[in-house]
Amino acid sequence: MSAITEPTTLSSLPVVRGKLLDFPADPIRCMRELQRCHSDVAALEEAGSRLVFVFSPELNQKVLTDMRRFHARFFAVRGSKNSSQRRLTCGILSMNGEEHKRHRRLVAGPFQKQSILGYHADLVRQAEELAADWKPGQERDLDQDMNRFLLGVTSQILFGFDQRDLAYEIGLATERWVTLNHEIGMGALVADAGIAQNYDRLLHEAEGLEKLIRRMIELRRNASALSNDVLSLLIRARDDAGQGLSEAELIGQAAVLFGAAHLTTANSLTWTLFLLAQHPRVANELVEELRVELGGQAPTWEQLERLPRLERVIKESMRVLPASGYSQRITTEPVELGPLPVLAHTVVVFSQFMTHHRADQYPEPERFRPERWLSINPGPYAYMPFANGPRHCLGSYLALMIMKIALPVVLQRFCLQLVPNAAVNGKIVSTMLGPTNGVHVQILPPDAGFRRQPVRGNIHELVDLSDTDEVGAVAA
Ligand code: HEM
């Protein structure tokens, strides 16, 4: 597949002709082809329609900070006015202007450090349950295990520890709904009627999901004791004028929060464990730090900030394989992006993956080298796994806390090795970069030693796994 059929005749402008649907079909390949022709900004054009891509930190900053000219439009399919689909897609990711500001203030409350502190003990318990499921000698699919782990964690943080089953059911329904939105939404993005055939299924899923969320809201409203799950906090939240969120607004926020939290964090954990398994020196040094600092225990709240190697490993993993691979905005008026004039109502894509892989920002960008963070300090639009600016991820602190608890719990109990010759493939689906057919590892006792294994698959196009322990062997 090639996105690009011929360079444009519009001489100096960075416009390339191709098929717009090549972008959702293989986002990374398409963006790489465009970036090869035009390193900072490029438009993909088909029959007069354009998708615009920015790749440089400077243009990322412009797109991410100019909230007036670049509106968020996360969901392409909004449904009719009074539909479940409309209510479920009206969360913060679809809001702009004053409405976004107001909701961001209300939604931010439950994700502040102080609120999150209250989840620490439950997160440790859940990470220990995950580790208790693993036995040396087993073969496991990390992707499946991290998804299940995050489904439990996210559903309970968002909806409550005392309603495990309903919370889990909402989680599963949200996952199905998010997937359908992607499949159909990409069709809508480029007006492809063929892809919209699942529209009825999407509306049906939306109705089912809304019913479940309404049931949970009712349970929370009628609960005798005050609960500290995010939904309960949102039900009680009030803005400066004393106004709370309506039922429809709560439904939209709940769905979006689940979608934003679950797969992104699961994929980040899967990629980090995969990269560690394939980089024995880095893994061994990290395990040594954990042994010395934690002595086999899960990190306390205070210790979370005192594990510098773990910090660097997570930073580097989220640089080289960022779970949020790209995101998009839509222009509200004509703008200029570098040399490219852009019309109103054009979709503009910015990509963490592409920016994080720029050689002018990160020498040997395809290599996983946590030690690079000892000497680099990239700007907020050159390193942006959680985006940046006025729409910076509200759950970044929570996501990092989940990772900083789960990784030490697992790595102090087990050593992981990829199943030799396993196929590992990664793709951006619905903006998220995740494995497409599992990441199969062998679970070994902690003293077995990490050993890099030969793996197949397109992972070699995303990250250079040939980096041996000898190359650049500086302490991580
Ligand atoms: C490793 C895990 C995560 C990653 C990589 C991630 C990444 C991102 C990114 C890139 C954005 C900006 C999207 C855009 O501007 O188009 C974002 C926004 C957001 N994220 Fe996360 N996220 C993660 C976890 C979470 C969690 C755990 C939550 C909360 C439950 C969360 C809640 C949000 C919300 C509410 C927004 C919208 C902010 C706004 O529009 O003002 N995220 N996230």
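Residues numbered from 1 in each chain as written. Predicted model: local features only at pLDDT ≥ 70, side-chain atom pairs only at ≥ 80, totals over all residues. Heavy atoms only, no water.

Undergrad: Even after reading the chapter, I still don't get the overall build of the chain, so can you show me in this structure?
TA: Along the chain, the regular secondary structure elements total 17 helices and 14 strands. Radius of gyration (C-alpha) of the chain: 22 Å, near the 23 Å computed for a compact globule of 476 residues. The principal-axis extents of the C-alpha atoms in the chain amount to approximately 60 × 60 × 40 Å. Taking all 476 residues of the chain together, the buried fraction comes to 56%. Residue pairs at least 24 apart in sequence account for 74% of intrachain contacts in the chain once pairs closer than 6 positions are excluded. Taken as a whole, the chain presents about 19300 Å² of accessible surface, with 51% of it coming from carbon and sulfur. (Helix = DSSP H or I, 4+ residues; strand = E, 2+ residues; numbered from the N terminus. Rg over C-alpha atoms; globule rule 2.2 N^0.38 Å. Buried < 20%, exposed > 50% of the residue type's maximum accessible area, 1.4 Å probe, protein only. Contact = heavy atoms within 4.5 Å. Areas by Shrake-Rupley, 256 points an atom, 1.4 Å probe, with all protein chains shown as cover.)

Undergrad: Explanation requested: the site of the ligand in the structure shown.
TA: If you check the shell around the ligand, you find 24 residues, and the closest are His100, Arg104, Ser327, Arg329 and Cys393. At 6 residues, helix α12 (residues 247-277) tops the list of elements feeding residues into the shell around the ligand. (Near = heavy atom within 4 Å.)

Undergrad: It is not clear to me how the side chain of Ser351 should be interpreted in this structure. Could you clarify?
TA: Structurally, Ser351 can be placed in the loop between β10 (347-350) and α15 (352-356). With relative accessibility at 0%, the residue Ser351 sits in the buried group. Polar side-chain contacts of Ser351 include one of 2.9 Å to the backbone oxygen of Gly325. Ignoring anything within four residues of it in the chain, the contact list for Ser351 reads Met31, Val54, Gly325, Tyr326 and Met384. (Polar contact = N/O pair within 3.5 Å; in protein donor to acceptor, adjacent residues only side chain to side chain.)

Undergrad: Sorry if this is basic, but what is going on with the confidence of the model for the chain here?
TA: Predicted coordinates in regions of low pLDDT should not be interpreted in detail. With 93% of its residues at a pLDDT of 70 or more, the chain has an overall mean of 91. Across residues 470-476, where pLDDT falls below 50, the model places 20 contacts with residues more than four positions away in sequence or in other chains. (pLDDT = per-residue confidence, 0-100.)

Undergrad: How do you make sense of the pattern of salt bridges when you look at a structure like this?
TA: Two side chains of opposite charge can pair, provided their charged atoms sit close to one another. Tallied over the full model, the rule gives 34 salt bridges. Here Arg102 ties to Asp239 by a salt bridge, and the two come within 2.5 Å at their closest N and O atoms. One end of the pair, Arg102, is in helix α5 (residues 97-108); the other, Asp239, is in the loop between α11 (230-236) and α12, and 137 residues separate them in sequence. Residue Arg102 is classed as partly exposed on the basis of its relative accessible area, which comes to 22%. A salt bridge links Arg367 to Asp464; the nearest nitrogen and oxygen atoms lie 3.7 Å apart. Placement of the pair is Arg367 in the loop between α15 and α16 (396-411) and Asp464 in the segment after α17 (459-462), with a sequence separation of 97 residues. In this structure Arg367 comes out as buried when scored by relative accessible area, which is 15%. (Salt bridge = Lys/Arg side-chain N within 4 Å of Asp/Glu carboxyl O.)

Undergrad: When you look at the side chain of Ser430 in this model, what are you seeing that I'm missing?
TA: Structurally, Ser430 is set in the loop between β12 (426-429) and β13 (432-435). Those residues in contact with Ser430, other than ones at most four positions away along the chain, are Val178 and His182.

Undergrad: Sorry if this is basic, but what is going on with the pairing of strand β11 (residues 415-418) here?
TA: Burial of β11 is two-sided: the residues Cys415 and Gln417 facing one way and the residues Leu416 and Leu418 facing the other way are all buried. When β11 meets strand β14 (residues 440-444), the two strands line up antiparallel, connected through 4 bridges. Bridging across to β14, Leu418 finds its partner in Val441. (Pairing = 2+ DSSP bridges.)

Undergrad: What exactly am I supposed to notice about the packing of α12 against α16 here?
TA: Each pair of packed helices gets described by two things: the angle between the helix axes and the distance between those axes. One way to put it is that α12 packs onto α16 with a least axis distance of 10 Å and a crossing angle of 40 degrees. Considered as vectors, α12 and α16 are oriented oblique to each other. Between α12 and α16 lies a crossing whose hand is right-handed. Here Thr265, Ser268, Leu269, Thr272, Leu273 and Leu276 of α12 lie close against α16, whose contacting residues are Ala399, Ile402, Met403, Ala406, Leu407, Val410 and Leu411. Here the contact of α12 with α16 is built from residues that sort into 10 nonpolar, 3 polar and no charged. (Axes fitted to C-alpha atoms, helices over the stretch in contact; angles between N-to-C directions. Parallel < 35°, antiparallel > 145°, perpendicular 65-115°, else oblique. Left-handed = near helix turned anticlockwise from the far one by under 90°. Nonpolar A, V, L, I, M, F, W, Y, C, P; charged D, E, K, R; others polar.)

Undergrad: Looking at this model, I keep getting lost on the sheet that holds β14. Mind explaining?
TA: By definition, the strands of a sheet pair up through backbone hydrogen bonds, in either a parallel or an antiparallel sense. If you walk across this open sheet you meet the 3 strands as β6-β14-β11, and the pairing is antiparallel. The sheet is open, and its two borders are formed by β6 (139-141) and β11, each paired with just one other strand. The average undirected angle you get between the axes of adjacent strands in this sheet is 40 degrees. Bridge count for β6 against β14 is 3 bridges, and the pairing is antiparallel. If you follow Glu139 over to β14, its bridge partner there is Gln442.

Undergrad: How should I be thinking about the packing of helix α14 (residues 308-320) against α16 in this particular structure?
TA: Orientation of α14 relative to α16, taken along the N-to-C sense of each, is 115 degrees, at an axis distance of 11 Å. Judged by the sense of rotation from one axis to the other, the crossing of α14 with α16 is right-handed. Listed contacts from α16 to Leu310, Glu311, Ile314 and Met318 of α14 are Leu400, Met403, Lys404, Leu407 and Pro408. Of the residues contributing to the contact of α14 with α16, the split by class is 7 nonpolar, no polar and 2 charged.

Undergrad: Sorry if this is basic, but what is going on with the environment of His71 here?
TA: Tracing the sequence through the fold places His71 in strand β5 (residues 70-72). Judged by relative accessible area, which is 25%, His71 ranks as partly exposed. Residues contacting His71, with those up to four places away along its chain left out, are Asn96, Arg329, Ile330 and Thr332.

Undergrad: What exactly am I supposed to notice about the packing of aromatic side chains here?
TA: Working definition: an aromatic ring pair is given by the centre-to-centre distance plus the angle between the planes. Applying the stated criterion across every chain yields a total of 11 aromatic pairs. Ring geometry for Trp373 against Tyr383: centres 4.7 Å apart, planes inclined by 65 degrees, an arrangement best described as edge-to-face. Of this pair, Trp373 sits in the loop between α15 and α16 while Tyr383 sits in the loop between α15 and α16; the two residues are 10 residues apart in sequence, bridging distant segments of the chain. For Tyr383, a relative accessible area of 14% gives the class buried. One aromatic cluster is present, built from ring pairs that chain together Phe23, Phe53, Phe55 and Tyr326. Arg319 extends its terminal NZ or CZ atom over the ring of Tyr362, reaching a point 5.0 Å from the ring centre. (Phe/Tyr/Trp six-rings, centres within 6.5 Å; stacked < 30°, edge-to-face > 60°. Lys NZ or Arg CZ within 6 Å of the ring centre and 35° of its normal.)

Undergrad: I tried to follow unusual backbone geometry on my own but got confused; where do I start?
TA: In terms of backbone geometry, most residues other than glycine have negative phi values and most peptide bonds are trans. In this structure, His345 is a non-glycine residue whose phi angle is positive, near 65 degrees. The residue His345 is located in the loop between β9 (340-342) and β10 in this model.

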